[in-house]
Amino acid sequence: MKKSKRIATYLVAMASVVMISFTGCEKDNSNSCDWESEYQAYMQKVNAFTANQSRSNCTALKDSALKLINKIGNCEQGVSIKEAAEAWRQVDCSGL
């Protein structure tokens, strides 16, 4: 149970980091920074995982985070995209 709470806290913290890191991204004419739908999907996964800390919800959250990071890769603000992606890849959902 402790490990599960630790993972949940980490994932919610990562959600905050992603949100704060990329809110300064301005959309350009090529739509390379149009990541609103991916962000909404990501937040749904955060909420689902917060409500039910299962392996499948953890994996879905992790996948959604990586999709969001890839989508906003051209909008890098503050946090390195590679570092953010690697942090998510290191999340181990197997203990849930």
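Since this is a predicted model, take the numbers as computed values, not measurements.

Procedures and definitions
Residues numbered from 1 in each chain as written. Predicted model: local features only at pLDDT ≥ 70, side-chain atom pairs only at ≥ 80, totals over all residues. Heavy atoms only, no water. Phe/Tyr/Trp six-rings, centres within 6.5 Å; stacked < 30°, edge-to-face > 60°. Helix = DSSP H or I, 4+ residues; strand = E, 2+ residues; numbered from the N terminus. Buried < 20%, exposed > 50% of the residue type's maximum accessible area, 1.4 Å probe, protein only. Disulfide = S-S within 2.5 Å. Axes fitted to C-alpha atoms, helices over the stretch in contact; angles between N-to-C directions. Parallel < 35°, antiparallel > 145°, perpendicular 65-115°, else oblique. Left-handed = near helix turned anticlockwise from the far one by under 90°. Contact = heavy atoms within 4.5 Å. Nonpolar A, V, L, I, M, F, W, Y, C, P; charged D, E, K, R; others polar. Polar contact = N/O pair within 3.5 Å; in protein donor to acceptor, adjacent residues only side chain to side chain.

Chemist: Would you mind going over the packing of aromatic side chains in detail, with residue names and values included?
Modeler: Applying the stated criterion across every chain, the model contains 2 aromatic pairs. Ring plane angle 90 degrees and centroid distance 6.2 Å describe the contact between Y42 and W88, whose orientation is recorded as edge-to-face. Taken as a pair, Y42 in helix 2 (residues 36-51) and W88 in helix 4 (residues 81-89) lie far apart in primary sequence, 46 residues in all. For W88, a relative accessible area of 0% translates into the label buried.

Chemist: Residue-level account of the state of the cysteines, with values.
Modeler: One pass over the structure, following the stated rule, counts 1 disulfide. Covalent S-S linkage joins C58 and C93, the inter-sulfur distance amounting to 1.9 Å. On the sign convention where negative means left-handed, the S-S torsion of about -70 degrees between C58 and C93 marks this disulfide as left-handed. Note that C58 is positioned in helix 3 (residues 55-71) and C93 in the segment after helix 4, a separation of 35 residues in sequence. Given a relative accessible area of 0%, C58 falls into the buried group.

Chemist: Which residues make up the packing of helix 2 against helix 3, and what are the values?
Modeler: To characterise two packed helices, one gives the angle between the axes of the helices and the distance between these axes. Contact geometry for helix 2 and helix 3: axes closest at 9 Å, N-to-C directions at 160 degrees. Accordingly, the angle class assigned to the pair helix 2 and helix 3 is roughly antiparallel. Where helix 2 crosses over helix 3, the two elements pack in a sense that is left-handed. Between helix 2 and helix 3, the contacting residues are E38, Y39, A41, Y42, K45, V46, A48 and F49 on the first element and N57, C58, A60, L61, S64, A65, L68 and K71 on the second. Looking at the contact of helix 2 with helix 3 residue by residue, the classes come out as 11 nonpolar, 2 polar and 3 charged.

Chemist: So, the environment of R89: which residues are in play, and what are the values?
Modeler: The topology assignment puts R89 in helix 4. In sequence terms R89 and L66 are 23 residues apart; their C-alpha atoms lie 8.1 Å from each other. Excluding anything up to four places from it in sequence, R89 contacts K62 and L66.

Chemist: Quick one: what's the story with the side chain of N57, residue by residue and with numbers?
Modeler: Locating N57 in the fold gives a position in helix 3. Assessed through its relative accessible area of 18%, N57 is described here as buried. Of the polar contacts made by the side chain of N57, one reaches the backbone oxygen of A48; its length is 3.4 Å. Residues in contact with N57, not counting those within four places in the same chain, are A48, F49 and N52.

Nothing here speaks to function; it is geometry throughout.
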